[in-house]
Amino acid sequence: MTVQEQYDHLVETIKGYNPGADFAMIDKAYHYAVEHHGEQKRKDGSPYVTHPIAVAQIVADELHLDSESIVAALLHDTIEDTDVTYEDVSREFSPTIANLVEGVSKLSRVVYTTKEEEQMENLRKMLMAMSRDIRVILIKIADRTHNMRTMEYQSKEKQRQKSLETMEIYAPIAHRLGMQRMKWELEDTSLKYLDPVAYNEIETSLESKREEYDAFLARVTRQIEDRLHEMHIPFHRVYGRMKHPYSIYRKMFAQSKTMDEVLDLFAFRVIVDTVADCYNVLGIIHDLYRPLPGRFKDYIGTPKPNMYQSLHTTVMGNSGIPFEVQIRTQEMHEIAEYGIAAHWKYKRGISGEASEGTYEWVRKLLENQENTDAEEFIHTLKVDMFADEVFVFSPKGDVTNLPAGATPIDFAYSIHSAVGNRMTGAKVNGRIVPLDYKLQNGDIVEILTANNAHGPSRDWLSIAKSTEARGKIRQWFKREKRPENIVNGRAAFEAELKHVGVPLSDVVGTELETTLLKKLPYSTMDDMYAAIGYGGFSAQKAVGRIHEEIQRLHRQRQAEKEATEPVPDNASATRPAIPQRTKSEQGIIVEGLSNCLVKFSKCCTPVPGDDIVGFITRGYGVSVHRCDCPNASKERRKETEGRWIKVSWGSDVRESYLTALEVFAKDSAHLVLDVSSVLSTTNTRVKFLSADATSDGYAVVRLQIYVPDSAQLATVMRKLNQISGVMKVDRPAG
Ligand code: MN
């Protein structure tokens, strides 16, 4: 057959199922392929272009796909194997067709190595995920089918490798897409190269009994047809066939039987019009032959995950040979044979072209498969058109699946936490990428590591997409940063206690500590601080656990005080629940008043060493301001004369006070890092830190820190001032 004849046959085939196809475009694709494959030859010496035409023939003949698919099949090797580019195809044909061709090429570039089952499953998923358009995988399966049909000209090595790939990857995909016929062909041709001895044994055995078998098939077919006529049941077709070699092979293996011992060699099909008739025929078959117990399956009532529907029964023939009968309607039959592709046909609009509803069936198919063992796969397939997973290769060819949007950090931690913790950078497809690079399907990812790497940074927690990576990063902070975590956790716990009016010293080393630790899975306070520090536990929860004890303590203190001192005024008598802040606790001496409630103003956050002045609030005791606070300005003091009172720092100040700072600087990537490192080298506990960049390239870092006194605060401010780019460090007030 000449190339032209082969093409004419293709056109005839398409006319047979889709007279409205775009023959002008198909013709153009044919000539385009002929021109660009030029003198290229196949292994058997025939012009290369016979291959794409044959693939288009399969796409048309077996799958009845639309014009775009035929064109893409004709062009499927042009981008990969000729000087044609994606842009050329997009311009000459359409972006959709260019995407289909590029999609098929991408799948061809995926390299397989023999792997355990889990890897195979990942490869299948990856192929599906890469085929955004389901037509890509259908064309690829047609391509593989033709390659398998013409495999005899390849080297032994290539035959084995391709067959393995087909058996492990493409046949299962065809099965899951419900394409029974293609699946069988792929399995049988693969078996031929994978186990030639067994394949030949089966073939020879079937061949030697061909006449006997044919007679049996004809006899049973005839019996069934006769009975159906007799019973006036309309039917499309009754036919019998031998089971295909790979299914016989599997039975031999599974049941450790020789070819002669495998009885289940024959299958008959009865194709009828209606579902009701399926059940009528079943009754007739069971009347005609003796059914084998336990072999009836109703896949009409309960379709298989891949939408397969049929009634199956195995019966004993009159000559003592068992055989299977499958009963189904015409539509069920087409779906059984061509799966997803059959539905393509059913959903095609008047024009004969695929319509918007095309994917509807795909979705239905996928939803149907959800509660099966292939659930994972189907989930991927379902989202492949709306992907939420990404599949990438290690440099060795292992496939890993990660959530969509995953970064090299996720990949590194998926290998091992040690890889993630030592990661210094990453290469994708040979090029260095930033750590927040979003991985694409098929990317080859290489993680760069160093033994003296710094370990993960806190930012990684927000860059990583997978829970696995985030968990491992947190784990690292938990283990590696214990001293830091303890400090931070202690500060958080102290601050939280302060909210309920209890100093840390009332808890540490007291009964409260014992009570608290008894209620928690930590054996020491440091363990608890560490947990709070890395985020595994919260200060609020810790304080919550001793809430009742704290309440009791307050009541007790209040009672003690009322017993020893007269209540100074009505106001304090009416607020027994409000924690009393005595001068000794706050380190403030209020002139002329003892036991008065003292609080530090939020506007200027004074620390020991600052000049301070007190303001008598209505009902909340004395508020302490820095003398230089605008809220304590001369004008203010005049306005509210009589309410200002002298205060001073006592000798019993607390170990630290919360105060605020503002750092003004030129914006740089390192600013926050530099600020934090000053804080950590000066042993400064941080309560709050935020950085805001202004549009003109400057930034303000706002801090709330704990310092013992103004001297230490001055040191911190000086060091902050030394950071390059910092212009001003301020204590906000007013
Ligand atoms: Mn090809």
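Residues numbered from 1 in each chain as written. Predicted model: local features only at pLDDT ≥ 70, side-chain atom pairs only at ≥ 80, totals over all residues. Heavy atoms only, no water.

## Considering the environment of Ser676
Right, so step 1: With respect to the element layout, Ser676 can be found in helix H32 (residues 671-681).
Right, so step 2: Of the residues examined, Ser676 reaches a relative accessible area of 29% and is grouped as partly exposed.
Right, so step 3: Along the sequence, Ser676 and Leu720 sit 44 residues apart, while their C-alpha atoms lie 9.6 Å from each other. (Helix = DSSP H or I, 4+ residues; strand = E, 2+ residues; numbered from the N terminus. Buried < 20%, exposed > 50% of the residue type's maximum accessible area, 1.4 Å probe, protein only.)

## What about the packing of aromatic side chains?
Right, so step 1: All chains considered together, the criterion is met by 18 aromatic pairs.
Right, so step 2: Residues Tyr213 and Phe266 carry aromatic rings whose centres are separated by 5.2 Å and whose planes lie at 80° to one another, so their mutual orientation is edge-to-face. Remark: Phe266 occurs in strand E2 (residues 266-272) and Tyr213 occurs in helix H13 (residues 210-230); sequence separation between them is 53 residues. By the burial criterion, Tyr213 is buried, and Phe266 matches it. (Phe/Tyr/Trp six-rings, centres within 6.5 Å; stacked < 30°, edge-to-face > 60°.)

## Section: the environment of Thr13
Right, so step 1: Residue placement: Thr13 occurs in helix H1 (residues 3-17).
Right, so step 2: Separated by 45 residues in sequence, Thr13 and Ile58 place their C-alpha atoms 9.9 Å apart.
Right, so step 3: Look past the residues within four positions of Thr13 in its chain and what remains in contact with it is Gln57, Ala60 and Asp61. (Contact = heavy atoms within 4.5 Å.)

## Thoughts on the nonpolar core
Right, so step 1: Of all hydrophobic cores here, the largest spans 61 residues; its most connected members are Leu10, Ile70, Leu74, Leu75, Phe93 and Ile141.
Right, so step 2: The element contributing the most residues to this core is helix H9 (residues 134-149), with eight residues.
Right, so step 3: Looking at which domains feed residues into this core, each of domain 1 (3-185) and domain 3 (387-479) gives three or more.
Right, so step 4: Not counting the four nearest positions on each side in its chain, Leu75 is found in contact with Ala29, Tyr32, Ala33, Val89, Phe93, Ile97 and Val101. (Core = buried A, V, L, I, M, F, W, Y, C linked by side-chain atoms within 4.5 Å. Domains from an automatic or database assignment.)

## Brief notes about the pattern of salt bridges
Right, so step 1: Taken as a whole and judged by the stated rule, the model has 28 salt bridges.
Right, so step 2: We note a salt bridge from Arg135 to Glu68, for which the minimum N-O separation is 2.7 Å. Within this pair, whereas Arg135 is found in helix H9, its partner Glu68 is found in helix H4 (residues 67-74), the two being separated by 67 residues in sequence.
Right, so step 3: Residue Arg135 is classed as buried on the basis of its relative accessible area, which comes to 7%.
Right, so step 4: A residue is classified by how much of its surface remains accessible, and Glu68, at 23% relative accessible area, is partly exposed.
Right, so step 5: A salt bridge links Arg557 to Asp506; its shortest N-O distance comes to 2.7 Å. Of this pair, Arg557 sits in helix H28 (residues 547-564) while Asp506 sits in the loop between helix H24 (482-499) and helix H25 (511-519), and the two are 51 residues apart along the sequence.
Right, so step 6: Taken together, the shared-partner salt bridges in this structure form one network comprising Glu62, Arg149, Arg181 and Glu185. (Salt bridge = Lys/Arg side-chain N within 4 Å of Asp/Glu carboxyl O.)

## Let's talk about the coordination of the manganese ion
Right, so step 1: Within the protein, the manganese ion binds to His51 (NE2), His76 (NE2), Asp77 (OD) and Asp143 (OD); these donor distances fall in the range 2.2 to 2.5 Å.
Right, so step 2: Between consecutive donor residues of the manganese ion, the sequence gaps follow H-x24-H-D-x65-D. Accessibility classification places His76 together with Asp77 in one group, the buried group. (Donors = N, O, S within 2.8 Å, 3.2 Å for Na, K, Ca; no water.)

## So, the sheet that holds strand E13 (residues 598-600)
Right, so step 1: Pairing within the open sheet is mixed, and its five strands lie in the order E12-E16-E14-E15-E13. Strands with a single pairing partner mark the edges of an open sheet, and in this sheet they are strand E12 (588-590) and E13. The sheet shows a mean angle of 35° between the axes of neighbouring strands, taken without regard to direction.
Right, so step 2: Two elements, E12 and strand E16 (residues 644-649), share three bridges in a ladder whose sense is antiparallel. Considered in E16, the bridge of Ile589 is made with Ser648. (Pairing = 2+ DSSP bridges. Axes fitted to C-alpha atoms, helices over the stretch in contact; angles between N-to-C directions.)

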